[in-house]
Amino acid sequence: EPGPGGAEAAAEDAEPAEPESPDQCLSLLPWDRFSAWLHCVCVVGFDLELGQAVEVIYPPHSKLTDKEKTNICYLSFPDSNSGCLGDTQFCFRFRRSPGRKVSLCCFLDQLDRDLPVYLKKDSAYYYGYVYFRQVRDKSLKRGYFQKSLVLISKLPYVHLFRTMLKRIAPEYFEKSEAFLEAVCSDIDRWPPPVAGKVLQLPIMGVIMKLRIPTYRDKPGTTPIVQNMHQADAQISMALPTVHEVDLFRCFCPVFFHIQMLWELVLLGEPLVVMAPSPAESSETVLALVSCISPLKYCSDFRPYFTIHDSEFKEYTTRTQAPPSVILGVTNPFFAKTLQHWPHIIRIGDIKLPGEVPKQVKVKKLKNLKTLDSKPGVYTSYKPYLNKDEEIVKQLQKGVQQKRPTEAQSVILRRYFLELTESFIIPLERYVASLMPLQKCISPWKSPPQLRQFSQDDFMKTLEKAGPQLTSGLKGDWIGLYRHFLKSPNFDGWFRSRQKEMTQKLEALHLEALCNENLVFWCQKHTEVEAVDLVLKLKNKLLQADREHLPVKTDTLKKLQTHINDIILALPDDLQDILLKTGT
């Protein structure tokens, strides 16, 4: 009988079961529910001889390679120059080691299906959510108590894990190991992270209520999770979001350049955020990545990056152009190492302005010598679009009227959303026209192919159906599109659209097959052809299940009935063989 190895350990030896629903699959083993939310919890401390070291990994069976542990160690502590006294929260992201076996329990893939594209898991990376405490302690040799509680997860739910750490970390530092065990066993009772449902997550006497968005939600809307009164003694807290950061607070130091920054992120340009602490660097990087939502940012991004990172050499080499990546850094050494990067954002301490920020010019890169340089954006980039003065006035007015930062963030998020949608709608419209007509789909031929994407044809559509239909912004939209079509963000977006449309064609082909009288067809053809058809239909059913094709359940049942009817019309010996092969 498997021990507490959870899905990850037991599944390496077992054949994957065919779970009927996420809930059934979750009841298979201890720690499966935990694994749906977190990979593990680590405690990183400071050892005088070893430096940073992972002191505890919980649950104990969780697997981390030496390289992953090293990355976690260095990324869980602020750089010494940050001088973070007291408690600090931030997050980081690092590459998973290649070649590791992934859990075979497939319910996690099912859960991913309903998520908006920007919240889908990237199996190549882990997030680390950190609560770091540094306080004076004369009883210790170093004179300081320094420790981090770190949640390692594949999920980008920044706000959820931040709220959770705020709740559990201070108590953990007082109570230690047994408390951590109790926290983990609470998480192992959570329902799976299903999108679109109001979830109730108990954690140490409090119930967190939240809703994970789905791809069907209207972009820019957040259904409110009501805080109902509990009949029992447990306190409940409703989370307004699972993943969003405070946009306005993050963009305050670079207030006048938000539109240019949106262009740089959209185009996948190399960007460095230089900040005084990991809290500011990680929040700013996450804000940048989210500003092109609902588009997914497809390049790498590191909310907090250190000189010890395993990708340090790869990302700072001068032998080739800087890669398409957004890095958040705090070490002054980076001001020198990355001064060849084309776009650098320098931010001071993030404080909400009590007065209207003054107009700030874009600074020249050659003026950036140290991390003490003035806050601002250092680049020679010329934006394609004219500046939108309206949004700046609206937010400035909000500052004067002492509008709450949450309300300012809502305005800013809506502005970015409308800008991104104006940009992407013409592309969506053109790509939809590459889909073959339904009358071209014949049940007796393979599904037709999508037409090729042609940059010239797309550009021709912009004159009558371009962004001017939804945006009043003037500027070189054509130049922006040309640049975007060469970027990793376009590549990722187009691949995802291609996949969706190909699956739609497969689904339409299945429906066309279901509407045919297949038994009658078999009567007019040889047994060999009938058997061949049965095998092809069985493969179609398997494909529909494996690739989650957008097919109605009735269609699949109808197809199964067709298969059974064809088999029953064949001679007994063939029936036996075909029924035995199952799927």
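Look a little higher up for the structure.
Before going into details, it helps to say that this report is about the structure given with it.

Cut-off values and rules
Counting starts from 1 at the beginning of each chain's written sequence and moves along it residue by residue. Given that this is a predicted model, residues contribute local features only at a pLDDT of at least 70 and side-chain atom pairs are listed and counted only at 80 or more, while totals for whole chains, interfaces and linings are drawn from all residues. Values reported for side chains reflect all heavy atoms of the structure, with hydrogen atoms and water molecules removed beforehand. Segments assigned H or I by DSSP are reported as helices when at least four residues long, segments assigned E as strands when at least two residues long, and all are numbered from the N terminus. Relative accessible area decides the class of each residue, using a 1.4 Å probe on protein chains only: under 20% of the type maximum gives buried, over 50% gives exposed, and in between gives partly exposed. Note on definitions: a residue-residue contact is assigned when non-hydrogen atoms from the two residues lie within 4.5 Å. Computed with the Shrake-Rupley method and a 1.4 Å probe, the accessible areas treat only the protein chains shown as cover for residues. Among buried residues, those of type Ala, Val, Leu, Ile, Met, Phe, Trp, Tyr and Cys that are joined through side-chain atoms within 4.5 Å constitute a nonpolar core. By convention here, the domain bounds are inherited from an automatic or database domain assignment. Any pair of nitrogen or oxygen atoms within 3.5 Å is treated as a polar contact; in protein, a donor-acceptor pairing is required on top of that, and neighbouring residues in sequence qualify only through side-chain atoms on both sides. Any two strands are treated as partners once DSSP identifies two or more bridges connecting them. Think of each axis as a best-fit line through the C-alpha atoms, taken over the contacting stretch in the case of a helix, with angles from 0 to 180 degrees between the N-to-C directions. Salt bridges are identified by distance alone: a Lys or Arg side-chain nitrogen within 4 Å of an Asp or Glu carboxyl oxygen.

**Re the overall build of the chain**
Along the backbone of the chain there are 21 helices and 13 strands. Within the chain, the fraction of its 583 residues that count as buried is 51%. Nonlocal contacts in the chain, meaning residues at least 24 apart in sequence, comprise 73% of its contacts between residues at least 6 apart. Summed over all atoms, the accessible surface of the chain reaches about 28,800 Å², with 53% contributed by carbon and sulfur.

**Some remarks on the environment of Glu 177**
With respect to the helices, strands and loops of the structure, Glu 177 is situated in helix α7 (residues 177-187). With relative accessibility at 36%, the residue Glu 177 sits in the partly exposed group. Sequence-wise, Glu 177 and Val 43 are 134 residues apart; in three dimensions their C-alpha atoms are separated by 9.8 Å. With near-sequence residues (within four places) excluded, Glu 177 lies in contact with Val 56 and Tyr 172.

**Overview of the nonpolar core**
Of all hydrophobic cores here, the largest spans 109 residues; its most connected members are Trp 37, Phe 251 and Leu 427. Counting residues per element, this core draws most heavily on helix α14 (residues 405-432), at ten residues. Split by domain, the residues of this core number at least three in each of domain 1 (32-239) and domain 2 (247-498). Excluding residues that lie within four positions of it along the chain, Phe 251 makes contacts with Ile 258, Leu 261, Ala 287, Leu 288, Cys 291, Leu 412 and Phe 416. Core analysis: the second largest hydrophobic core is formed by 22 residues, Ala 507, Ala 530, Leu 549 and Ile 567 among them.

**Quick notes on the environment of Ser 76**
Along the chain, Ser 76 turns up in the loop between α4 (66-75) and β3 (86-95). Classification of Ser 76 as buried rests on a relative accessible area of 0%. In the structure, Ser 76 is positioned 22 residues away from Val 54 in sequence and 9.8 Å away in space, judged by C-alpha atoms. Setting aside residues up to four positions removed in sequence, Ser 76 forms contacts with Val 44, Phe 90, Phe 92, Val 130, Phe 132, Ser 148 and Val 150.

**Describing the side chain of Asp 79**
For Asp 79, the position within the fold is in the loop between α4 and β3. Within the structure, Asp 79 has its side chain in polar contact with the backbone nitrogen of Asn 331 (distance 3.3 Å). Asp 79 has contacts with Tyr 304, Thr 330 and Asn 331, leaving out every residue within four places of it along the chain.

**Describing the sheet that holds strand β11 (residues 325-329)**
Taken in spatial order, the five strands of this open sheet run β10-β11-β9-β12-β13, and their pairing is mixed. The open sheet has two free edges, formed respectively by β10 (300-302) and β13 (376-379), since each of these has just one partner strand. Here the strands of the sheet are splayed against their neighbours by 15 degrees on average, with no regard to which way each runs. The pairing of strand β12 (residues 343-346) with β13 spans four bridges and is antiparallel. Residue pairing in the sheet places Arg 346 in a bridge with Gly 376 of β13.

**Points about the sheet that holds strand β6 (residues 198-203)**
In any sheet, the strands associate via hydrogen bonds between backbone groups, in a parallel or an antiparallel arrangement. The three strands lie next to each other as β6-β7-β8, forming an open sheet whose pairing is mixed. The outermost strands of the open sheet, each flanked by one partner alone, are β6 and β8 (235-238). For this sheet the average axis-to-axis angle between neighbouring strands, irrespective of direction, equals 25 degrees. Sheet topology note: the strand β7 (residues 206-211)/β8 ladder contains four bridges and is parallel. Pairing of Lys 209 across the sheet is with Ala 238, part of β8. Across the face of the sheet, helix α6 (residues 158-175) comes into contact with β6, β7 and β8 while running at roughly 175 degrees to β7.

**Examining the pattern of salt bridges**
Under the counting rule described, the total for this entry stands at 25 salt bridges. Among the ionic pairs, Arg 95 bridges to Glu 311, the shortest N-O distance being 3.6 Å. With Arg 95 in strand β3 and Glu 311 in the loop between β10 and α11 (312-316), the pair connects residues that are 216 residues apart, well separated along the chain. Judged by relative accessible area, which is 28%, Arg 95 ranks as partly exposed.

**A short note on the pairing of β7**
Looking along a regular strand, one sees the side chains alternate between the two faces of the sheet. Of all six residues making up β7, six are buried, and the element is well covered by its neighbours. Two strands pair when backbone bridges link them, and β6 and β7 are joined in this way by six bridges, in the antiparallel orientation. Residue pairing in the sheet places Pro 202 in a bridge with Ile 207 of β7. If you look at the hairpin formed by β6 and β7, you'll find two residues sitting between the two strands, and Met 204 has a positive phi there, around 45 degrees.

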